Amino acid sequence: MRRLIRKALIGLTLLFTVNAGSAWADAGFDRWVQGFWPEARKAGISQNLYVDVFRGMTPDPDVIRKAEDQPEFTRAIWQYLDSAVSDKRIENGQRMLDEWGGWLDQIEARYGVSRYVVVAIWGMESSYGQVLDNPKIVKHTIRSLATLAYKGGKRSRFGRTQLIAALKILQNGDVTHGDMVGSWAGAMGHTQFIPTTYLAHAVDVTGDGRRDIWNTIPDALGSTAAYLRDSGWNTGKTWGYEVKLAPGFNYTLADMKTKRTLAQWSQLGVQRVGGRAFPRPSDQAMLYLPAGAKGPAFLMLDNFRVIKRYNNANAYALAVGHLSDRLMGFGEFSSSWPRGDRPLNLQERSEVQRLLNRGGYSVGKVDGKIGPNTKRGVMAYQKSRGMTPDGYVSLDLLSRLKRDF
């Protein structure tokens, strides 16, 4: 044991000697790498791999900046969807469906996940691989994760966990260090798997002995389908439906928590757009109003929740679902978005919360995050003022609150 420890220390001393010769050497980072070695060794990472991977490495200042960034402004959901489900992305996606149709036949048959959803995720995550060719965006995964682990603030624990997983992937031989690329936050390859998700769900569709989501598109698409299947995908069912609400509808039912059957929603005044019937009235669904009473309404099925396993954001899952429908040949949403509304920035959202608290509509902590407590407070205020109680936070709502409180 002592001999093994001595050999490891010698190897690490060599590593830091090499690093010290770099014009951009970071002594703090070098010490961090040396201190992280016992954790990597305990996880089964070989000394040779560890030394080779970190030789000459410096932290990525761009990753540090992004980790520290706290964006004040947010895009409206319709702005997000305009970009995510653009005409160009639909056109390119339909071409990918044709080009990779044979492999998608196999993947869909094996995993039971709609090819349109799989290709939509590919489009969302890397624009069908185009992002991987952009040196201004793509990052080397090990360096990004090491930077996060070293100086990522609240992301440091994530960085450490994912770095160990990424080192295991290299050690398994699925990809070379040079080819292991992705986002600044460590999401990898064509369909942007984080390393722990890759270890648990990536698959070798081509049968060449490697799970290569960076250079082998069938492996990337198959891995996405396998992940969705493992997350509970319901084969043969969609993600959700655009719906119309009856006049006088009770908007407190749109809490994205309470499930009802489609038949029960119909009895409450929720109907599918275009007068079409729901194909399976017994399916469970939740009501989602991303722009309140002014915008489109949706009933979300369990597959919507499964898509959120990929990215835990309602807007993302809606974009994937809508893009998949557009790839199938369906049209745009029937209802219009309130494009005249400007989304509130962080300061304005915080002001809404402060004013609601001041007026006795307790929403708790003032943090600019519009969660269930804030929505309940907004609904109570709207109802007291004879407004439609949809819980939607808008510039008009803020103006009214300022006048009242």
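The rules we used
Residues numbered from 1 in each chain as written. Predicted model: local features only at pLDDT ≥ 70, side-chain atom pairs only at ≥ 80, totals over all residues. Heavy atoms only, no water. Helix = DSSP H or I, 4+ residues; strand = E, 2+ residues; numbered from the N terminus. Buried < 20%, exposed > 50% of the residue type's maximum accessible area, 1.4 Å probe, protein only. Contact = heavy atoms within 4.5 Å. Lys, Arg positive; Asp, Glu negative; His and termini not counted. Salt bridge = Lys/Arg side-chain N within 4 Å of Asp/Glu carboxyl O. Polar contact = N/O pair within 3.5 Å; in protein donor to acceptor, adjacent residues only side chain to side chain. Phe/Tyr/Trp six-rings, centres within 6.5 Å; stacked < 30°, edge-to-face > 60°. Lys NZ or Arg CZ within 6 Å of the ring centre and 35° of its normal. Patch = residues over 30% accessible without salt bridge, like charges linked within 9 Å, V, L, I, M, F, W, Y side chains within 5 Å. Areas by Shrake-Rupley, 256 points an atom, 1.4 Å probe, with all protein chains shown as cover. Charge placed at Lys NZ, Arg CZ, Asp CG, Glu CD. Pairing = 2+ DSSP bridges.

Engineer: Mind showing me how you'd approach the environment of P195 here?
Structural biologist: Position of P195 relative to the elements: it lies in helix α11 (residues 195–201). Residue P195 is classed as buried on the basis of its relative accessible area, which comes to 1%. Excluding its chain neighbours within four sequence positions, the residues that come into contact with P195 are L145, Q162, A165, A166, I169, G186 and M188.

Engineer: Would you mind showing me how to read the side chain of E125 here?
Structural biologist: Tracing the backbone shows E125 in helix α8 (residues 115–126). Notably, E125 is buried but unbridged: the nearest opposite-charge side chain belongs to R89, and the N-O separation is 9.1 Å. Within polar-contact distance, the side chain of E125 engages the side chain of Y316 at 2.5 Å. Once residues within four sequence positions are removed from consideration, E125 is found in contact with H190, T191, Q192, Y310 and Y316.

Engineer: Can you walk me through the packing of aromatic side chains in this structure?
Structural biologist: Any two aromatic rings considered together are summarised by their centre-to-centre distance and by the angle between their planes. Applying the stated criterion across every chain, the model contains 20 aromatic pairs. Ring centres of Y198 and W214 lie 5.6 Å apart, and the angle between their planes is 45 degrees; on these two criteria the pair is classed as tilted. Note that Y198 is positioned in helix α11 and W214 in the loop between α11 and α12 (217–230), a separation of 16 residues in sequence. The same class applies to Y198 as to W214, namely buried. Consider the rings of F249 and Y251, whose centres lie 5.6 Å apart with planes at 90 degrees: the pair is edge-to-face. Cluster of aromatic residues (ring-pair linked, three or more members): W78, W239, F298, F333 and W337. A cation over an aromatic ring shows up here: R260 above the ring of W265, its NZ or CZ 5.0 Å from the ring centre.

Engineer: Any chance you could explain a positive patch on the surface here in plain terms?
Structural biologist: Judged by side-chain charge, K154, R155, K365 and K369 come together as a positively charged surface patch. Tracing the sequence through the fold places K154 in the loop between α9 (141–151) and α10 (156–172).

Engineer: How do you make sense of the pairing of strand β6 (residues 284–288) when you look at a structure like this?
Structural biologist: Every other side chain in a regular strand lies on the same face of the sheet, so the side chains alternate between the two faces. Most of β6 is tucked away, with four of its five residues classed as buried. Pairing of strand β4 (residues 260–261) with β6, which is carried by two bridges, proceeds in the antiparallel orientation. When the bridges of β6 are listed, R260 appears paired with A285. Pairing of β6 with strand β7 (residues 297–300), which is carried by three bridges, proceeds in the antiparallel orientation. Its bridge partner lying in β7, L287 is registered against L299.

Engineer: Looking at this structure, I do not really get unusual backbone geometry. What am I missing?
Structural biologist: Peptide bonds are, in most cases, trans, and in most cases residues other than glycine have a negative phi. Phi is positive for S127, which is not a glycine, with a value near 50 degrees. Positionally, S127 belongs in the loop between α8 and β1 (139–140). A positive phi angle is found at Y128, which is not glycine, with a value near 60 degrees. In this structure, Y128 sits in the loop between α8 and β1. The buried category is assigned to Y128, whose relative accessible area is 9%.

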